[in-house]
Amino acid sequence: MNWQLKFLTPSIRPTLEDSMLTRRPRRNRKTAIIRNLVQENRLALDNLIYPIFLMEGTNKKVPIKSMPGIYRFTLDVLIEEIAECLDLGISTFAPFVCLEDNLKDKYATESYNENGLYVSAIRYLKEKFSEICLITDVAMDPYSSDGHDGLVDEGKILNDETLEILAKMAVAQAEAGADIIAPSDMMDGRVGYLRQELDANGFQEVSIMAYTAKYASAFYGPFRDALDSAPRFGDKKTYQMNPANAREALLEAALDYQEGADFMMVKPALAYLDVIQLLKSNFHIPIAAYNVSGEYAMVKAASQLGWLDGERAMVESLLSIKRAGADVILTYFAKEYAQLLKDKE
Ligand code: PBG
């Protein structure tokens, strides 16, 4: 072979010594089989968690406008949806609830009502599907007339008073059969407090997936539409993290670890891949990442406009989250990805 690269300008033309190209990375990309052989990361359905939205009523499935392909379901229809997902190989679900305004109050009382929509749905789903794993949401916002994750007093979010409400919620969910409790509220000390209260009530085996580094993000917009859970005043910046900060995530992680978290979550995922990697390399418990509603909506919107290939953008997004270090991924793409795998069979 003529090693001289004639088309290069003389100034950057390699010399004989450094132009032998003994190291040609393209050799490992030359066929699909070899590319697969050396593929470093793979997405398995086992690592995906499907968030699902529950609402009051019967026989309804209401599309969420800003999240094409995602719906709010009444329990009877949700059962069919879950059965379909189980068939496709998805076994872990993160249900969220959408309540009517008349059930919301300052103290989120409905959140620990054992006959309320959410808690009774958990009980029902665990009875109906023996093989299912349920990760339940602990935060006040879906039940709070203020739309905040904590108790509000004169415009301030109270920390320690909120913990008591969160604990009642967690214990009610554990009693109903939740496998993993996921506090998404970002109050200080909640992991330790929930651990203590769960244990005191005999739920040592119920895990905690902490929303460890949850940022005050614009990417939650479509989710808040879905649940009608936007704050009624102000924003969530006094409890959710500043998007500019990464070291602060290490502090949150150290606390959650000490307090007994079984999983640590970073949320959102795509704009925070560095934070996923940071937690992965510093803590030896599973790292979760939440590929949130806005990240889903962006891909869907661009794909509907024909601006990008939605399927490839989905796979690439999920893979990048995995590559950054996420062991498990919460994603609205879970069902579509499972369907894609099945179609390829
Ligand atoms: C709040 C909560 C939020 C999400 C899950 N739980 C958003 C918020 O802080 O308002 C967002 C999930 C998503 O955007 O997909 N407890």
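So, here's what we can say about the structure.

What counts, and at which threshold
Residues numbered from 1 in each chain as written. Predicted model: local features only at pLDDT ≥ 70, side-chain atom pairs only at ≥ 80, totals over all residues. Heavy atoms only, no water. Helix = DSSP H or I, 4+ residues; strand = E, 2+ residues; numbered from the N terminus. Buried < 20%, exposed > 50% of the residue type's maximum accessible area, 1.4 Å probe, protein only. Contact = heavy atoms within 4.5 Å. Salt bridge = Lys/Arg side-chain N within 4 Å of Asp/Glu carboxyl O. Axes fitted to C-alpha atoms, helices over the stretch in contact; angles between N-to-C directions. Parallel < 35°, antiparallel > 145°, perpendicular 65-115°, else oblique. Left-handed = near helix turned anticlockwise from the far one by under 90°. Nonpolar A, V, L, I, M, F, W, Y, C, P; charged D, E, K, R; others polar. Phe/Tyr/Trp six-rings, centres within 6.5 Å; stacked < 30°, edge-to-face > 60°. Lys NZ or Arg CZ within 6 Å of the ring centre and 35° of its normal. Expected span 1.5 Å × (residues − 1). Arc of directions from axis to C-beta. Disulfide = S-S within 2.5 Å. Right-handed = clockwise from strand over helix to strand, strands pointing away. Pairing = 2+ DSSP bridges. Core = buried A, V, L, I, M, F, W, Y, C linked by side-chain atoms within 4.5 Å.

## Description of the overall build of the protein chain
Then comes step 1: Regarding its fold elements, the protein chain presents 11 helices and 12 strands.
Then comes step 2: With respect to the principal axes defined by its C-alpha atoms, the protein chain has extents near 80 × 40 × 40 Å.
Then comes step 3: Per-residue burial for the protein chain yields a buried fraction of 50% across its 345 residues.
Then comes step 4: Taking as baseline every contact in the protein chain between residues at least 6 positions apart, the subset at least 24 positions apart corresponds to 72%.

## Remarks on the pattern of salt bridges
Then comes step 1: Using the criterion set out here, one finds 14 salt bridges in the structure.
Then comes step 2: Two residues, Lys335 and Glu81, come together in a salt bridge whose shortest N-O distance is 3.2 Å. With Lys335 in helix H11 (residues 334–344) and Glu81 in helix H2 (residues 75–88), this residue pair connects regions lying 254 residues apart in the sequence. Of the two residues, Lys335 and Glu81, neither departs from the other in class, the shared state being buried.

## Remarks on the packing of helix H4 (residues 160–176) against helix H5 (residues 190–200)
Helix packing for two helices is described by the angle between their axes and how far apart those axes are.
Then comes step 1: Two numbers describe how H4 lies on H5: the axes approach to 9 Å, and their chain directions differ by 45°. The pairing of H4 with H5 is recorded here as oblique in orientation. Crossing angle aside, the handedness with which H4 passes H5 is right-handed. Contact residues: H4 offers Leu163, Glu164, Leu166, Ala167, Ala170, Val171 and Ala174, while H5 offers Arg190, Tyr193, Leu194, Glu197 and Leu198.
Then comes step 2: Looking at the contact of H4 with H5 residue by residue, the class counts come to nine nonpolar, no polar and three charged.

## A look at the packing of aromatic side chains
Given two aromatic rings, their pairing is described by the distance between the two centres and the angle made by the two planes.
Then comes step 1: Applying the stated criterion across every chain yields a total of 12 aromatic pairs.
Then comes step 2: Between Tyr296 and Phe333, the aromatic rings sit 4.7 Å apart at their centres with planes inclined by 55°, giving tilted as the arrangement. Of this pair, Tyr296 sits in helix H9 (residues 293–304) while Phe333 sits in the loop between strand E12 (328–331) and H11; the two residues are 37 residues apart in sequence, bridging distant segments of the chain.
Then comes step 3: Looking at Phe333, the relative accessible area reads 1%, which means it is buried.
Then comes step 4: Put simply, the rings of Phe53, Phe96, Tyr211, Phe223, Tyr290, Tyr296, Tyr332 and Phe333 pair up and form one aromatic cluster.
Then comes step 5: Sitting over the face of the ring of Phe223, Lys267 holds its NZ or CZ atom 5.8 Å from the ring centroid.

## Focus on unusual backbone geometry
Then comes step 1: With an omega of -10°, the peptide bond between Lys267 and Pro268 qualifies as cis.
Then comes step 2: On the secondary structure map, Pro268 appears in the loop between strand E10 (263–267) and helix H8 (273–282).
Then comes step 3: Unlike most non-glycine residues, Met186 shows phi in positive territory, near 70°.
Then comes step 4: Classification of Met186 as buried rests on a relative accessible area of 4%.

## Quick look at helix H7 (residues 247–258)
At 3.6 residues per turn, the α-helix brings residues three or four places apart onto the same side.
Then comes step 1: The end-to-end C-alpha separation of H7 is 17 Å, in line with the 16 Å expected for 12 residues at 1.5 Å each.
Then comes step 2: The set of residues buried in H7 consists of Ala249, Glu252, Ala253 and Asp256. Buried residues in H7, looked at end-on, bunch into an arc of 100°, giving them a common side. Among the exposed residues of H7, those oriented more than 90 degrees off its buried face are Arg247, Leu251 and Gln258.
Then comes step 3: Considering only its buried residues, H7 is in contact with H5, strand E9 (207–214), E10 and H8.

## Digging into the environment of Leu117
Then comes step 1: Tracing the chain through its elements places Leu117 in helix H3 (residues 117–128).
Then comes step 2: For Leu117, a relative accessible area of 13% corresponds to the buried category.
Then comes step 3: In the structure, Leu117 is positioned 106 residues away from Phe223 in sequence and 19 Å away in space, judged by C-alpha atoms.
Then comes step 4: Contacts of Leu117, omitting those with residues within four sequence positions, involve Leu54, Met55, Glu56, Val97, Cys98, Leu99 and Glu110.

## Description of the state of the cysteines
Then comes step 1: Applying the stated rule across the entire model yields zero disulfides.
Then comes step 2: Just so you know, Cys98 is unpaired, no disulfide at all, and the nearest cysteine sulfur is the one on Cys85, 19 Å from it.
Then comes step 3: Cys133 forms no disulfide, and the closest cysteine sulfur to it belongs to Cys85, at a distance of 14 Å.

## Concerning the pairing of strand E11 (residues 287–291)
Then comes step 1: Most of E11 sits out of view: five of its five residues are buried.
Then comes step 2: Side chains Ile287, Ala289 and Asn291 of E11 all project onto a buried face; the interleaved residues Ala288 and Tyr290 project onto the opposite face, where all are buried too.
Then comes step 3: Since E10 and E11 lie parallel, the crossover through H8 that links them has a hand, and here it is right-handed.
Then comes step 4: Relative to E12, E11 runs parallel, the two sharing four bridges. From the neighbouring strand, Ala289 faces E12, where its bridge partner is Ile329.

## Quick word on the nonpolar core
Then comes step 1: With 115 residues, the main nonpolar core has Phe53, Ile82, Phe93, Leu198, Met209, Ile276 and Tyr290 as its most contacted residues.
Then comes step 2: With 10 residues, H4 is the largest single contributor of residues to this core.
Then comes step 3: If sequence neighbours within four positions are ignored, Phe93 has contacts with Ile49, Tyr50, Ile52, Ile82, Cys85, Leu86, Ile132, Cys133, Leu134 and Ile135.

## Topic: H2
Then comes step 1: With 14 residues, H2 should reach 20 Å at 1.5 Å per residue; the first-to-last C-alpha distance of 20 Å fits that figure.
Then comes step 2: Residues of H2 that are buried in the fold lie against strand E1 (48–55), strand E2 (61–63), strand E3 (71–74), strand E4 (92–98), H3 and H11.

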